[in-house]
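Now for the letters of each chain:
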Amino acid sequence: MKLVYSNFNKDTGESVVVLQNKSGRYVGKAKLHPNDIEFSSEFAGCRIAEQRAWLDFYKKELKKAKLQLKPLKDFYNYIWYFNSPKEYHTFHTQWIEHQLSVRIDNYTKYIEEIKDSIKNLEKAIKDSISTRDKII
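What you see is a predicted model; the values in this text were computed from it and never measured.

(A) Local environment of the environment of Pro71. Note on placement: Pro71 falls in helix α1 (residues 42-82). Residue classification places Pro71 among the partly exposed positions, given a relative accessible area of 46%. Expressed as a C-alpha distance, the spacing of Pro71 and Ile104, which sit 33 residues apart in the sequence, is 9.8 Å.

Below, the structure is given as structure tokens:
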């Protein structure tokens, strides 16, 4: 992941960060609370904006992984449910079933990791904001 753009606008109090990788661009924004104008910090705003850009990345990755998982599950179910027991025990079918189940497990684990990352980032953003409020 590469940082493409980072800016803090002192007039509006808005921070914008853009991250990019081969899959696309991810934008994060943070807005300065009107009560905190005297304590504005370019670094704090850009850090929160960067975390939100990562959140955007993880949410898009989650959506993409779920889309990739669905056809695998559908095909696995097709093999499992529509083949009679006599036809099912061929070597090819067992090999395909095994390969599909491995890929399904991998995608399922990846989806759970993404969900955990999203939860952790959301908590980190809330913690950053509350810690800054306490300091100020």
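What follows continues from the structure just given.
(B) View of the packing of aromatic side chains. In this structure the tally under the stated criterion is four aromatic pairs. An angle of 80 degrees between the planes, with centres 5.1 Å apart, marks the rings of Tyr26 and Phe57 as edge-to-face. In this pair, Tyr26 is assigned in strand β3 (residues 24-31) and Phe57 in helix α1, connecting sequence segments 31 residues apart. You'll find Tyr26 and Phe57 in the same group, each marked buried. Note on Trp54 and Tyr58: the rings are 6.1 Å apart at their centroids and 35 degrees apart in plane angle, and the pair reads as tilted. Of the two residues, Trp54 and Tyr58 are both situated in helix α1; the distance of four residues between them amounts to about one turn of the helix.

(C) Up close: the side chain of Ser128. Residue position: Ser128 is located in helix α3 (residues 91-135). Taking relative accessible area as the criterion, Ser128 reaches 13% and is therefore assigned buried. Residues contacting Ser128, with those up to four places away along its chain left out, are Arg47, Ile48 and Gln51.

(D) Highlighting the nonpolar core. Ranked by size, the top nonpolar core spans 21 residues in total, and within it Val17, Leu55, Leu62, Ile111 and Ile118 carry the most contacts. Those elements that provide at least two residues to this core are β2 (14-21), α1 and α3. By residue number, the principal contributor to this core is α1, which donates ten residues. What Val17 contacts, discounting residues up to four positions off in sequence, is Leu3, Tyr5, Ser6, Tyr26, Val27, Gly28, Cys46, Ala49, Glu50 and Ala53.

(E) Molecular detail of the environment of Val27. Within the secondary structure layout, Val27 lies in strand β3. Given a relative accessible area of 39%, Val27 falls into the partly exposed group. Each C-alpha atom, one on Val27 and one on Arg52, is 7.4 Å from the other, the two residues being 25 residues apart in sequence. Each residue touching Val27, except ones within four places of it in the same chain, is listed here: Val16, Val17, Val18, Arg52, Ala53 and Asp56.

(F) Geometry of the sheet that holds strand β1 (residues 2-9). In spatial order, the strands read β1-β2-β3; together these three strands make up an open sheet with antiparallel pairing. The open sheet is flanked by β1 and β3, the only strands paired with a single partner. Strand after strand, the sheet turns through a mean of 10 degrees between neighbouring axes, direction not considered. Pairing of β2 with β3 involves eight bridges; the strand directions are antiparallel. Bridge pairing in β3 links Asn21 to Gly24.

The rules behind each value
- Residues numbered from 1 in each chain as written.
- Predicted model: local features only at pLDDT ≥ 70, side-chain atom pairs only at ≥ 80, totals over all residues.
- Heavy atoms only, no water.
- Helix = DSSP H or I, 4+ residues; strand = E, 2+ residues; numbered from the N terminus.
- Buried < 20%, exposed > 50% of the residue type's maximum accessible area, 1.4 Å probe, protein only.
- Phe/Tyr/Trp six-rings, centres within 6.5 Å; stacked < 30°, edge-to-face > 60°.
- Contact = heavy atoms within 4.5 Å.
- Core = buried A, V, L, I, M, F, W, Y, C linked by side-chain atoms within 4.5 Å.
- Pairing = 2+ DSSP bridges.
- Axes fitted to C-alpha atoms, helices over the stretch in contact; angles between N-to-C directions.

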